[in-house]
Amino acid sequence: MKIERRKTRAVEIGNLKIGNGNLIAVQTMTKCDSRDFTKLKTEVLKLQKCGAEILRIAIPDFSAAENFAKVCKISKIPLVADIHFSGDLALFCAENGAAKIRINPGNFPREFLKKLVKICKKNSVAIRVGANSGSLKFQNGKTFAEKLANSVLQNCEFLTHENFDQIVVAAKSSDILTNFAANEILAKKCDFPIHIGITESGFGENGIVKSAAGISPILKNGIGDTVRISLSDDSEKEIEIARAILQNLKLRKFSREFISCPTCGRTEINLKKVAREVFAATKNLNPNLKIAVMGCVVNGPGEAATADFALVGGKKFFAIYARGKFVKKVDEKNAVAEFLKICEK
Ligand code: SF4
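This write-up is about the structure you can find in this document. No experiment lies behind these values; they were computed from the predicted model shown.

Read across the open sheet, the eight strands follow the order β8-β7-β6-β5-β4-β3-β10-β9; overall the sheet is parallel. Here the strands that pair on one side only, and so sit at the sheet edges, are β8 (167-172) and β9 (195-196). Judged from the three bridges that link them, strand β3 (residues 25-29) and strand β4 (residues 54-58) form a sheet pairing that is parallel. Looking at β4, one finds that Met 29 is bridged to Arg 56. Of the strands in this sheet, β4 and β5 (79-83) touch helix α2 (residues 62-74), which is tilted by about 170 degrees from β5.

The next point concerns the packing of helix α6 (residues 176-189) against helix α7 (residues 204-220). Contact geometry of α6 with α7 gives a least axis separation of 10 Å together with a crossing angle of 25 degrees. One way to sum up the angle between α6 and α7 is to call them roughly parallel. Judged by the twist between their axes, the crossing of α6 over α7 is right-handed. Taken together, the residues of α7 that come into contact with α6 (itself represented by Ile 176, Asn 179, Phe 180 and Asn 183) are Lys 210, Ala 213, Gly 214, Pro 217 and Ile 218. Within the contact of α6 with α7, the residues separate by chemical class into five nonpolar, three polar and one charged.

Sheet analysis places strand β11 (residues 257-260) next to strand β12 (residues 290-294), joined by four bridges and oriented parallel. Counterpart to Ile 259 in the pairing with β12 is Ala 292.

Around the ligand sit Cys 261, Pro 262, Thr 263, Cys 264, Arg 266, Thr 267, Met 294, Gly 295, Cys 296, Val 298 and Asn 299, and those are all the residues in its vicinity. Counted by class, the shell around the ligand contains six nonpolar, four polar and one charged residues.

For the rest of this paragraph, the subject is the state of the cysteines. Counted according to the given criterion, the structure contains zero disulfides. Cys 120 takes part in no disulfide bond, and the closest cysteine sulfur, belonging to Cys 93, lies 10 Å away. Assessed through its relative accessible area of 1%, Cys 120 is described here as buried. There is no disulfide at Cys 190, and the cysteine sulfur nearest it, in Cys 156, is 5.9 Å away. Overall, Cys 190 belongs to the buried group, its relative accessible area being 11%.

On to the side chain of Ser 235, then. Checked against the element boundaries, Ser 235 lands in helix α8 (residues 235-248). Within the structure, Ser 235 has its side chain in polar contact with the backbone oxygen of Met 29 (distance 2.7 Å). If near-sequence neighbours (up to four positions away) are discounted, Ser 235 is found in contact with Thr 28, Met 29, Lys 31, Glu 43 and Leu 47.

Cut-offs applied
- Residues numbered from 1 in each chain as written.
- Predicted model: local features only at pLDDT ≥ 70, side-chain atom pairs only at ≥ 80, totals over all residues.
- Heavy atoms only, no water.
- Pairing = 2+ DSSP bridges.
- Helix = DSSP H or I, 4+ residues; strand = E, 2+ residues; numbered from the N terminus.
- Contact = heavy atoms within 4.5 Å.
- Axes fitted to C-alpha atoms, helices over the stretch in contact; angles between N-to-C directions.
- Parallel < 35°, antiparallel > 145°, perpendicular 65-115°, else oblique.
- Left-handed = near helix turned anticlockwise from the far one by under 90°.
- Nonpolar A, V, L, I, M, F, W, Y, C, P; charged D, E, K, R; others polar.
- Near = heavy atom within 4 Å.
- Disulfide = S-S within 2.5 Å.
- Buried < 20%, exposed > 50% of the residue type's maximum accessible area, 1.4 Å probe, protein only.
- Polar contact = N/O pair within 3.5 Å; in protein donor to acceptor, adjacent residues only side chain to side chain.

Nothing here speaks to function; it is all geometry.
This is the structure we're talking about:
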């Protein structure tokens, strides 16, 4: 089964195209103080190496904006200036290397929009109109989701009236049902690419589960052209989780598929240890492979039949399967090394 994606206009974010059937891009934000150039440069380079495809940077003042302009010159991935309250900062960043300007309809001074459009057109810069539940200002609509979506659509109307169409929209809430409803409205009422995410989803397992539970049904409905996971955690984690969600929904392929059984009273090998080791050691294998580590013969051979390579546990031993065929039996302690030799071959 394949998810059918919503049709949108194409928008260019620097050297990356989104919307109109292009791959869903993984986005994150830098979290260091953008006024510290060394830290900003280091974080930008680190995150692009970790798999960020679009990177947003908070621009609280002109010293951050100047640093933003400098890192734009060295970044290989498109950088987005995240602007609140100040029209001047948006204009500066649009003139100085931004691939996209993110404005918040709840706090961006409207009198600057016309000027911003002019500069963005001249420099081929996209604009993301992104509303958040925490900074909603316009109150047009019955439900909170409607108010959130309408605040975005009002700004879009102004931009399109100015003949500007390089627009990305986003309506994020920390409540996943509101978030879902707001995205459905945006998808119905405009054809711009949509940036999705659950805002302020917290940290640790709770934040990851909330993000996955919130984003997956939106993606399943074909909505979403860029994704950001908002965790009170490192940005690398946000990238890892965004990738995992997209891969599990078969919308992107980043690494090999991995399955392992939950273990039960039938397990007679240390499956948790072996599964962890195999998981770590196979991360960089061909992304098209499927690897399975199973505890016993109940579901083991069945899963092995659909996997490229599988380990199936017995009593203190594992059976290795390749492309569904039994290869050999190995002692539990040599299982990982023997298995990897076969996978890598
Ligand atoms: Fe239990 Fe076997 Fe299923 Fe693993 S595969 S959970 S060991 S029955």
